[in-house]
Amino acid sequence: MTLTREEREQFLAEPHVAALAVDAGDGRAPLTVPIWYQYAPGGDVWIMTGRDSRKNLLIGAAGRFSLLVDRLEPTIRYVSVEGPVLDTTPATIERLREISARYLPPDKVEAYVDFAWRNHGAQVVVRMRPERWVSSDLGTV
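Residues numbered from 1 in each chain as written. Predicted model: local features only at pLDDT ≥ 70, side-chain atom pairs only at ≥ 80, totals over all residues. Heavy atoms only, no water.

Draft legend 1. Main features of the pattern of salt bridges. Within this structure, the stated rule accounts for 13 salt bridges. When the shortest N-O distance is used, the salt bridge between Arg118 and Asp114 registers 3.0 Å. Taken together, the positions of Arg118 and Asp114, both in helix α4 (residues 106-119) and four residues apart, correspond to about one turn of that helix. The class of Arg118 is exposed, set by a relative accessible area of 58%. Judged by its relative accessible area of 40%, Asp114 is partly exposed. When salt bridges with common partners are traced through the structure, they connect Asp44, Asp87, Arg127 and Arg129 into a single cluster. (Salt bridge = Lys/Arg side-chain N within 4 Å of Asp/Glu carboxyl O. Helix = DSSP H or I, 4+ residues; strand = E, 2+ residues; numbered from the N terminus. Buried < 20%, exposed > 50% of the residue type's maximum accessible area, 1.4 Å probe, protein only.)

Draft legend 2. Main features of the packing of aromatic side chains. Under the counting rule described, the total for this entry stands at three aromatic pairs. A centroid spacing of 4.8 Å and a plane angle of 10° characterise the contact between Trp36 and Tyr103, whose relative ring orientation is stacked. Linking Trp36 in the loop between β2 (31-35) and β3 (37-38) with Tyr103 in helix α3 (residues 93-103), this pair joins segments that are 67 residues apart in sequence. A relative accessible area of 25% places Trp36 in the partly exposed class. Note on Tyr103: relative accessible area 17%, which makes it buried. Aromatic side chains Trp36 and Tyr112 sit 5.7 Å apart centroid to centroid with 55° between the ring planes, which places their arrangement in the tilted category. With Trp36 in the loop between β2 and β3 and Tyr112 in helix α4, this residue pair connects regions lying 76 residues apart in the sequence. In this structure Tyr112 comes out as partly exposed when scored by relative accessible area, which is 27%. Lying across the ring of Trp46, Arg95 places its NZ or CZ 4.5 Å from the centre. Against the face of Tyr37 rests Arg102, its NZ or CZ located 4.7 Å from the ring centre. (Phe/Tyr/Trp six-rings, centres within 6.5 Å; stacked < 30°, edge-to-face > 60°. Lys NZ or Arg CZ within 6 Å of the ring centre and 35° of its normal.)

Take it as geometry only, folks, not as evidence of what the structure does.
Below, the structure written as structure tokens:
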């Protein structure tokens, strides 16, 4: 059963790990990798990635990407969203803290942020406007 707009936006706003897919060019299948993301209903999606990473270079070339999030319990549910890149900006420690707090226990956030900020190299925030949605709740198996 297809989700309503409110259901799919709420589901996307939950802290699932997404599968990011982006065109990898001639003769290649799309690059598909797990990634943390941030979303609030009605807004844009953003991700943080290495400035010089393959995914950032491919996103820049393609100008758009897709995210797929799913869960298996209590029902099998998924939301896929695709759209154009709105902008790419240098990451800030505040954005790193925000996305880390979405996925990590509160007592782990600051240590992770400190480590990541010092060791992961230059990062960027890529913002995408959701244009196309595919969603379903397949019930229980």
